[in-house]
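# Secondary and tertiary structure notes
One letter stands for each residue in the lines below.
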Amino acid sequence: MALFAAALDPLLRKLAAILHGYQIGQQKVTCMAYADDVGIFVNNEQEIDEIEPIITTFQNASGARVNPRKTVLLSIGNGSLTINREWYRVTETHKTLGILTKKCPLKMATQNWRTTLHTIRGLARSHSSRHLTLGQKAEFINTAILSKAWYVAQILSAPTEQGSVYYLLWRREIFKVSQAACSLKKEE
C-alpha cells in the first residue's frame, strides 16, 4: 500500500496545483485520498477538462484505472453540471472517506458534525456502565471518542456551539473562564 501511496502522490500534487477546489473554513480543499480512494474537487466544467489528461497520463504510467461504477461527480455551491463523460455519474451527495459531501458546504458540515456527535454520544452511553478506572476512561476517550472528532475536525469546521473545543481548534486559543465564574454555585 505504501508503494501505491508513493505512486499516487505526484497525481495529487499535480491536481492540487491546477485546481481551485473550495474553502472549508480557512482551508482550501482540492483532493482527498485514502488508499486507492481519491476525491477530486473541481469548481467548473473547465477544470474537469483540465484534469482528464492528467488522469489519463497517471493511468498509463501506473496501470491504475478509474472505476466508472465508483466514480461520481458532485456539484458544490450554486452551479450545476451538465456535461456527461463515460467515466463518472453526476450525484447530489456522496460519502468519501467517511465524510458525507453535499452541494451546500454549510449543510455538509452540519450533517457530518451531527452524525459524529451522535456516534460519540452513543459510544459514551454504551460504555458508561462499565467499571473503568480513571486511566481506562481517559484511554477510551482518547482512542474511541476523540479520534472521531479529530478526524472530522481536520476536514470541516466545528459548529460554534461546541464551545471550548471550537475555540481551541479553530481560534488556536484556549477559552478562558474567569476564576470568579469557577467559584459560582451550580445554580448561578
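Scoring rules and cut-offs
- Residues numbered from 1 in each chain as written.
- Predicted model: local features only at pLDDT ≥ 70, side-chain atom pairs only at ≥ 80, totals over all residues.
- Heavy atoms only, no water.
- pLDDT = per-residue confidence, 0-100.
- Helix = DSSP H or I, 4+ residues; strand = E, 2+ residues; numbered from the N terminus.
- Pairing = 2+ DSSP bridges.
- Axes fitted to C-alpha atoms, helices over the stretch in contact; angles between N-to-C directions.
- Parallel < 35°, antiparallel > 145°, perpendicular 65-115°, else oblique.
- Contact = heavy atoms within 4.5 Å.
- Nonpolar A, V, L, I, M, F, W, Y, C, P; charged D, E, K, R; others polar.
- Core = buried A, V, L, I, M, F, W, Y, C linked by side-chain atoms within 4.5 Å.
- Buried < 20%, exposed > 50% of the residue type's maximum accessible area, 1.4 Å probe, protein only.
- Expected span 1.5 Å × (residues − 1).
- Bend = angle between axes of the 7 residues up to and from the residue.

### Digging into the confidence of the model for the protein
Residues with a pLDDT of 70 or more make up 73% of the protein, whose mean pLDDT is 77. The secondary-structure element of the protein with the lowest mean pLDDT is helix α5 (residues 164-171), recorded at 51, while helix α2 (residues 45-62) shows the highest, at 88.

### With respect to the pairing of strand β8 (residues 99-102)
As defined by bridge partners, strand β7 (residues 93-96) adjoins β8 across four bridges and the pair is classed as antiparallel. Each residue of the ladder has a partner; that of H94, found in β8, is T101. Following β7, the chain reverses through two residues before pairing antiparallel with β8; L97 in that reversal takes a positive phi of roughly 55°.

### As for the packing of helix α3 (residues 105-127) against helix α4 (residues 134-155)
Interaxial distance between α3 and α4 falls to 10 Å at its minimum, and their mutual angle equals 175°. With respect to each other, α3 and α4 are oriented roughly antiparallel. Packed against α3, whose contacting residues are W113, T116, T119, I120, L123, A124 and H127, the element α4 presents F140, A144, I145, K148, A149, V152 and A153 at the interface. Looking at the contact of α3 with α4, its residues break down into 10 nonpolar, three polar and one charged.

### Quick notes on the nonpolar core
Of all hydrophobic cores here, the largest spans 16 residues; its most connected members are M32, F41, I99, W113, V152, I155 and L156. Those elements that place two or more of their residues in this core are α3 and α4. Among the elements that take part in this core, α4 stands out by supplying six residues, more than any other. By size, the runner-up hydrophobic cluster in this structure holds 11 residues, among which are L8, C31, I54 and F58.

### So, the pairing of strand β4 (residues 37-40)
Here strand β3 (residues 31-34) runs beside β4; their pairing, made up of four bridges, is antiparallel. Residue Y34 lies in a different strand from β4, and its bridge partner there is D37. Linkage of β3 to β4, two consecutive antiparallel strands, is achieved through a turn of two residues, within which A35 is found at a positive phi near 55°.

### Here's the deal with the environment of Q154
One can find Q154 in helix α4. Once the C-alpha coordinates of Q154 and Q27 are considered, the two residues, 127 residues apart in sequence, prove to be 9.4 Å apart.

### Focus on α3
Between its first and last C-alpha, α3 extends 33 Å over 23 residues, near the 33 Å set by a 1.5 Å rise per residue. Within α3, burial applies to M108, A109, N112, W113, T116, L117 and I120.

### With respect to α2
Taking 1.5 Å of rise per residue, the 18 residues of α2 would be expected to cover 26 Å, and the 26 Å separating its terminal C-alpha atoms lies within 8% of that figure. Considering bend angle alone, the principal kink of α2 is centred on I51 and spans about 25°; proline P53 follows within four residues of it. Buried within α2 are the following residues: E47, I48, I51, E52, I54, I55, F58 and Q59. Two residues or fewer after α2 comes G63, characterised by a positive phi angle close to 85°.

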